[in-house]
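Residue-level structural notes
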Amino acid sequence: MPENTSDGWNLAALPLFADVSEADIAEVAALATVIDYPSGSTIFAEDEPGDALYVVLRGQVGIRCRDRWRHEQTLATLEPGTLLGEIALLTDEPRSVTAVTVTEATLLRLAHETFMPLLRQGNGAGHQILYNLARGVACRLGEVNRRLMRLLADQSRLKVIPREDELDELKRKLFTEWKF
């Protein structure tokens, strides 16, 4: 196993740690917690204060959200290597979704309160991780913006409601290819 592991997990393979040195990954890994969850466990709930980022190391995690009638809908199933709750690493915004394990799962948890001092001390790893998070969020936001603008332009030009298949495709992309 590589040196930069936490409880035997190769963290260097995760996008969160792209361009972070092995020594810095080991330092960050020492600040993180690896948690095993049984199937059906709630990792965090919609509207709770966000306090940590998670990375799925093993198993599957379902992402759920309440619709306008307050019924919970499953939006996506996240696989190993996927980030979730990354906004909480930087802000204390409430969670926008509920994350529940679909199978037994192992997750890496990096708490806001642990990460911020690392960032404040000017650690290169903290800055690179912050950059990796910002880049991922910016890419997702750009894609959502492009798709929404295209749908709005079509709707304006044609005076029609966006096609359901277009909305379904945006929803699929948003909740299966992007991270939470």
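None of these values were measured; they are calculated from a predicted model.

A look at the packing of aromatic side chains
In the structure shown here, the tally under the stated rule is one aromatic pair. Pairing Phe44 with Tyr54 gives two aromatic rings, centres 5.8 Å apart and planes at 40°, and the pair type is tilted. Of the two residues, Phe44 is situated in strand S4 (residues 42-44) and Tyr54 in strand S5 (residues 52-58); the sequence distance between them amounts to 10 residues. For the pair Phe44 and Tyr54, a shared accessibility class is recorded, and that class is buried. Taking the ring centre of Phe44 as reference, the NZ or CZ of Arg95 above it sits at 3.9 Å.

Points about the confidence of the model for the protein
Summing up the model confidence of the protein, the mean pLDDT is 84 and the portion of residues at 70 or higher is 84%. Segment residues 1-5 is flagged for pLDDT under 50; beyond a separation of four residues in sequence, or across chains, it makes 14 contacts in the model.

Digging into the sheet that holds strand S10 (residues 105-111)
In spatial order, the strands read S3-S10-S5-S8; together these four strands make up an open sheet with antiparallel pairing. A strand with exactly one partner marks an edge of an open sheet, and here the two such strands are strand S3 (33-37) and strand S8 (83-84). Packing against the sheet, helix H2 (residues 112-120) makes contact with S5 and S10, and its axis sits at approximately 50° to S10.

Section: unusual backbone geometry
Phi at Asp19 is positive, roughly 65°, even though this residue is not glycine. Looking at where Asp19 falls in the secondary structure, it is placed in the loop between strand S2 (9-10) and helix H1 (22-31). Looking at Asp19, the relative accessible area reads 70%, which means it is exposed.

Conventions and cut-offs
Residues numbered from 1 in each chain as written. Predicted model: local features only at pLDDT ≥ 70, side-chain atom pairs only at ≥ 80, totals over all residues. Heavy atoms only, no water. Phe/Tyr/Trp six-rings, centres within 6.5 Å; stacked < 30°, edge-to-face > 60°. Helix = DSSP H or I, 4+ residues; strand = E, 2+ residues; numbered from the N terminus. Buried < 20%, exposed > 50% of the residue type's maximum accessible area, 1.4 Å probe, protein only. Lys NZ or Arg CZ within 6 Å of the ring centre and 35° of its normal. pLDDT = per-residue confidence, 0-100. Contact = heavy atoms within 4.5 Å. Pairing = 2+ DSSP bridges. Axes fitted to C-alpha atoms, helices over the stretch in contact; angles between N-to-C directions.

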